[in-house]
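Single-letter residue listing:
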Amino acid sequence: MTASAVEQLRKEGNELFKCGDYEGALTVYTQALGLGATPQDQAILHRNRAACHLKLEDYDKAETEASKAIEKDGGDVKALYRRSQALEKLGRLDQAVLDLQRCVSLEPKNKVFQEALRNIGGQIQEKVRYMSSTDAKVEQMFQILLDPQEKGTEKKQKASQNLVVLAREDAGAEKIFRSNGVQLLQRLLDTGEADLMLAALRTLVGICSEHQSRTVATLSVLGTRRVVSILGVENQAVSLAACHLLQVIFDALKEGVKKGFRGKEGAIIVDPARELKILISNLLELLTEVGVSGQGRDNALTLLIKAVPRKSPKDPNNSLTLWVIDQGLKKILEVGGSVQEPPGELAVTANSRMSASVLLNKLFDDLKCDAERENFHRLCENYIKSWFEGHGLAGKLRAIQTVSCLLQGPCEAGNRALELSGVMESVIALCASEQEEEQLVAVEALIHAAGKAKRASFITANGVSLLKDLYKRSEKDSIRIRALVGLCKLGSAGGTDFSMKQFAEGSTLKLAKQCRKWLCNDQIDTGTRRWAVEGLAYLTFDADVKEEFVEDEAALKALFQLSRSEERSVLFAVASALVNCTNSYDYEEPDPKMVELAKYAKQHVPEQHPKDKPGFVRARVKKLLAAGVVSAMTCMVKTESPVLTNSCRELLSRVFLALVDEVEDRGTVVAQGGGKALLPLALEGTDVGQTKAAQALAKLTITSNPEMTFPGERIYEVVRPLVSLLHLNCSGLQNFEALMALTNLAGISERLRQKILKEKAVPMIEGYMFEEHEMIRRAATECMCNLAMSKEVQDLFEAKGNDRLKLLVLYSGEDDELLRRAAAGGLAMLTSMRPSLCSRIPEVTTHWLEILQGLLLSPNQELQHRGAVVALNMVEASKEIAGTLMESEVLEILSVLAKGKESPVTRAAVACLAKAVEYGLIKPNQDGEGGAASCTR
């Protein structure tokens, strides 16, 4: 019983493998292994699993499975060959060649093994030749770089560039590493010269990239502390290069934690989790070190944001986050609570506090239970209390600044901190201070608290009068502009609801006008002008403000210039203002019946502003495009800063989708780099943001030439976002647009079709071929028609026990002409590529002849041509099928078509009749041409 069950599961897995469902095949093979299979069966199942992993490009697992098969059966030539394939992909050519030599010795006449052995032998020779030729070059480059006589020469610059280029190739990086390169690079770092340090850091990136053992060896030579300390140097380029190196090191260490830390050469290394914690501990120490540059501190925060929180909530292990909170939360709060650049304080940039807020928010979001969150709150509150009590006015300022940092990040923690005894009272008191620095800290805290007005009822009740007083009486623009933003926040509490006006008619327009005035004043520093954008981000909920804003070309130009500045904390406000102007926030038209019921019950009913109607929105989009909004947004997307949060990405995705809504605007978006900017938005961010960006990509792919919109390799990156729109949680419109876009891509090249197959789109496309909505059904059929040019899809149609062919035949007889055209096109292509399918058409439905005749008699030339091609393929495939056709009305139809004007249809009809004459099924006409003919039977 067990043996037959194993055999049955193995066959089932084989069928799944043939259909391209490699993960399904893996599951079935695993089930078979669990049934107590014999050693011989185990060997077969393990080698089959290896084949699945090869297809899924998981070469480590492929090698493991093949090795298990070889353990069970040392002469299993298929397992040896599959292991050699995996080893080759892993770069372990010396081990791969041993397996191939064994394969050839077992089957000396197998040409596949002989060819593979020749290929891998050539690769090894090339590698040896390359390594030997680079030996002298590496030595020469280091001699030039370390020669004090060559200081600043062109020769030295060229040597450094060559070293970096060499390290980008794995063989070159290995050569540098084995030539005592890390020690020599350390000497370059010790020179303190920016150019040499940059060359050394960039070369180290090549050495450590995707190579775990070299990474740990590099850290042991240079010292973790030494590498981290380079982040803190004043030179921004050197600090950024060190940041890149540390990111590569983090990736290698994290990969080691995930995979048991096996390097490319298979060496087992020390515990990577320990190395990871040492690295993070050093970064946390750097945050509070005096003498570290502001840029270096920002880079350290960026690395912690990327490295510490889990990538996915599905990962159950958040131990690294808990460890960082216990060990470093106070250090992060110290940066977040720092007041910019008074004597004795930490050096920070305009972006440091926002980066700290982002990190705190990510750490808080990564917590899994109430106990973990309560510990976070307790540590934050204890830190704030420690500064608030016993440190005088300076301590109170730091405590209030820390509260502001929390309000911008994990606002739940910020709201709790606001409720601490004396905090709110101190904020109100300091708003009246005569010292600008003290006033700034207090007003900013009040503004951030105003944004959380539901949790801070005190501010809701007293905030407006306090902020108005500051706005009217202060002589300092820096205070007035912040007070104005607070008023804007409180004034926009009704959002887009026209009936929920907080201020008197016209007040929001006056506030917006003042914000635009400050925004356009380039005499004011960017840090202060940022607050004007913050104000507009709230005021643009009002449609009157939107209309005036898009008419103000100077304000738009200033907004876009500010978005490109070093003041990265402005990005979210810019994106928010653009979302409001384009109405790309989520809005649903209320049900009229529900509105009537609400009015009857005297409930509040939201009202849309008349200037938020579609016509006004389209006009605003045109004006933004003319002002260069796409170029500005493209620069924002490229920002390498933690301030570009997932929420900010979502806002940008929403705006892009609004910009490409009209077909005539899409060319402008593409010309200004919108297609390129959408790709990263579709691959990273919130689920909503990725979906919006993917839909915008679909719209561009449908109406423009994809090869021009996404040149080079970029076109292959479009496939995954488009496939994501096929999931059931997406709307019907998104499904339809994704299918249309994929149809265009599938018609371009085989490589693109393979990419679509690899993303497992075929089962979803097949599902939509049964969709009730005729446009979605038609789009799915068209997409399948183009995919049918691939061998794998043809195999699916040819596989036994499925109704794929039947569906195409039946759709070829539907009333929907466009659906018929798509299905008949697929049928014509499949019967041309796979003649064996011709004999199955009569088997799938009794109506096949009627459907074929309908195609041939169609007034539509395209349908006629498709029908004639199908008929020709069937006639050429089999004399028996040809006989059936010639005995039916098809003969008469073909005879009439053959007499028509010269066209593809006429040529196909003539060819059909000629083949039937050749079979002896019909007699040629008296003229000896393939026109009219008569059946011989």
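Per-chain numbering applies: the sequence of each chain, read as written, is numbered from 1 onward. For this predicted model, a pLDDT threshold of at least 70 governs which residues receive local features, and a threshold of 80 or more governs which side-chain atom pairs are given and counted, while totals over whole chains, interfaces and linings are taken from all residues. Only hydrogens and water are removed before side-chain values are computed, so all heavy atoms of the structure are retained for them.

K.L.:
Can you break down the overall build of the protein chain residue by residue, with the values?
P.N.:
For the protein chain, the helix and strand inventory stands at 53 helices and two strands. Relative accessible area decides the class of each residue, using a 1.4 Å probe on protein chains only: under 20% of the type maximum gives buried, over 50% gives exposed, and in between gives partly exposed. Counting the 937 residues in the protein chain, one finds 53% classified as buried. When the accessible surface of the protein chain is split by element, carbon and sulfur atoms take 50% of a total near 43100 Å². Helix numbering and strand numbering both begin at the N terminus, where a helix is a DSSP run of H or I of at least 4 residues and a strand a DSSP run of E of at least 2. Methods summary: accessible areas were calculated by the Shrake-Rupley approach with a probe of 1.4 Å, and residue burial reflects only the protein chains presented.

K.L.:
How would you explain the UniProt feature "repeat: TPR" (unreviewed entry) in the protein chain if you had to name every residue and give the values?
P.N.:
UniProt positions are given in the numbering used here, feature names are shortened, and annotations may be inferred rather than shown by experiment. UniProt annotation of "repeat: TPR" (unreviewed entry) refers to residues 77-110 when read in the numbering used here. Secondary structure content for residues 77-110 is 79% helix and 0% strand, while the C-alpha to C-alpha distance between its ends is 11 Å.

K.L.:
Would you mind going over the pattern of salt bridges in detail, with residue names and values included?
P.N.:
By salt bridge we mean one thing: a side-chain nitrogen of Lys or Arg within 4 Å of a carboxyl oxygen of Asp or Glu. Tallying each qualifying case throughout the model produces 46 salt bridges. A salt bridge links Arg 516 to Asp 552; the shortest N-O distance between them is 2.9 Å. Within this pair, whereas Arg 516 is found in helix α26 (residues 507-520), its partner Asp 552 is found in the loop between α28 (543-551) and α29 (553-563), the two being separated by 36 residues in sequence. Glu 713 is the salt-bridge partner of Arg 751, the closest N and O atoms lying 2.7 Å from each other. Of this pair, Arg 751 sits in helix α42 (residues 750-758) while Glu 713 is found in the loop between α38 (706-709) and α39 (714-717), placing the two residues 38 residues apart along the sequence. You can call Glu 713 partly exposed: its relative accessible area is 48%. Through salt bridges with shared partners, a single ionic network connects Lys 791, Asp 795, Glu 798 and Arg 834.

K.L.:
Got a sec to walk through the packing of aromatic side chains? Specific residues and values, please.
P.N.:
Classification of ring pairs rests on two measures: the distance between centres of Phe, Tyr or Trp rings, Trp counted by its six-membered ring, which must be within 6.5 Å, and the angle between planes, read as stacked under 30 degrees, edge-to-face over 60 and tilted in between. Under the definition given, this model contains three aromatic pairs. Note on Tyr 81 and Phe 113: the rings are 5.2 Å apart at their centroids and 45° apart in plane angle, and the pair reads as tilted. With Tyr 81 in helix α5 (residues 77-89) and Phe 113 in helix α7 (residues 111-146), this pair connects stretches of sequence that are 32 residues apart. Since its relative accessible area comes to 21%, Tyr 81 is described here as partly exposed. We call a charge positioned above a ring when the Lys NZ or Arg CZ atom is no farther than 6 Å from the ring centre and deviates by at most 35 degrees from the ring normal. If you follow Arg 530 out to its NZ or CZ, it ends over the ring of Trp 531, 4.6 Å from the centre. Sitting over the face of the ring of Tyr 716, Arg 751 holds its NZ or CZ atom 3.9 Å from the ring centroid.

K.L.:
Any details on the packing of α26 against α28? Residues and values, ideally.
P.N.:
Simply put, an axis is a line fit to the C-alpha atoms, just over the touching stretch for a helix, and the angle between two N-to-C directions goes from 0 to 180 degrees. Two numbers describe how α26 lies on α28: the axes approach to 9 Å, and their chain directions differ by 30°. Of the possible angle classes, the one that applies to α26 and α28 is roughly parallel. Viewed along their axes, α26 and α28 form a crossing whose handedness is right-handed. Only Asp 544, Val 545, Glu 548 and Phe 549 of α28 make contact with α26, whose side of the interface consists of Thr 508, Leu 509, Ala 512 and Arg 516. Residue classes follow a fixed rule: Ala, Val, Leu, Ile, Met, Phe, Trp, Tyr, Cys and Pro count as nonpolar, while Asp, Glu, Lys and Arg count as charged, and any other residue, Gly among them, counts as polar. For the contact of α26 with α28, the residue count by class is four nonpolar, one polar and three charged. Angles are sorted into four bins: roughly parallel if under 35 degrees, roughly antiparallel if over 145, roughly perpendicular if 65 to 115, and oblique for all others. Note on convention: the crossing is left-handed when the near helix lies turned anticlockwise from the far helix by less than a right angle, right-handed when the turn is clockwise. By definition in these notes, contact holds between two residues if any of their heavy atoms fall within 4.5 Å.

K.L.:
Give a description of the environment of Leu 733 that names residues and reports values.
P.N.:
Residue position: Leu 733 is located in helix α41 (residues 732-746). The spatial distance from the C-alpha of Leu 733 to the C-alpha of Gln 695 is 9.2 Å, given a sequence separation of 38 residues.

K.L.:
Describe in detail the packing of helix α30 (residues 571-581) against helix α33 (residues 629-637), supporting the description with residues and values.
P.N.:
In contact at an axis separation of 12 Å, α30 and α33 are set at 145° when each is read in the N-to-C sense. Two packed elements cross with a definite hand, and for α30 against α33 that hand is left-handed. Together, Leu 571, Val 574, Ala 575 and Leu 578 of α30 and Val 629, Met 633 and Met 636 of α33 make up the contact between the two elements. Grouping the constituent residues of the contact of α30 with α33 by class yields seven nonpolar, no polar and no charged.

K.L.:
Describe the environment of Val 890, naming the residues involved and giving the relevant values.
P.N.:
One can find Val 890 in helix α52 (residues 890-898). Under the relative-accessibility criterion, Val 890 is labelled buried at 0%. When residues no more than four places from it in sequence are discounted, the contact partners of Val 890 are Leu 849, Gln 853, Leu 856 and Leu 885.

K.L.:
Kindly report on α5, identifying the contributing residues and their values.
P.N.:
Taking 1.5 Å of rise per residue, the 13 residues of α5 would be expected to cover 18 Å, and the 19 Å separating its terminal C-alpha atoms lies within 8% of that figure. Here α5 has its buried residues at Val 77, Ala 79, Leu 80, Arg 82, Arg 83, Ser 84, Ala 86 and Leu 87. Polar contact is defined as a pair of N or O atoms within 3.5 Å, subject to the rule that within protein one atom must be able to donate a hydrogen and the other to accept it, and that residues adjacent in sequence are counted only when both atoms are side-chain atoms. With a side-chain oxygen positioned 3.2 Å from the backbone nitrogen of Lys 78, the residue opening α5 is Asp 76. Gly 91 sits one or two residues past α5 and shows a positive phi near 85°. Helix span, as expected, comes to 1.5 Å for every residue beyond the first.

K.L.:
Outline the side chain of Arg 82, listing residues and values.
P.N.:
Locating Arg 82 in the fold gives a position in helix α5. Buried and unpaired, Arg 82 has Asp 76 as its nearest opposite-charge partner, separated by 6.9 Å. Ignoring anything within four residues of it in the chain, the contact list for Arg 82 reads Arg 47, Asn 48, Ala 50, Ala 51, Leu 54 and Ala 66. Counted as positive: Lys and Arg. Counted as negative: Asp and Glu, with His and the chain ends omitted from the count.

K.L.:
Can you tell me about unusual backbone geometry, naming the residues and giving the values?
P.N.:
Unlike most non-glycine residues, Glu 210 shows phi in positive territory, near 55°. Here Glu 210 is to be found in the loop between α11 (194-208) and α12 (212-222). Given a relative accessible area of 66%, Glu 210 falls into the exposed group. Even without a glycine there, the phi angle at Lys 760 is positive, about 60°.

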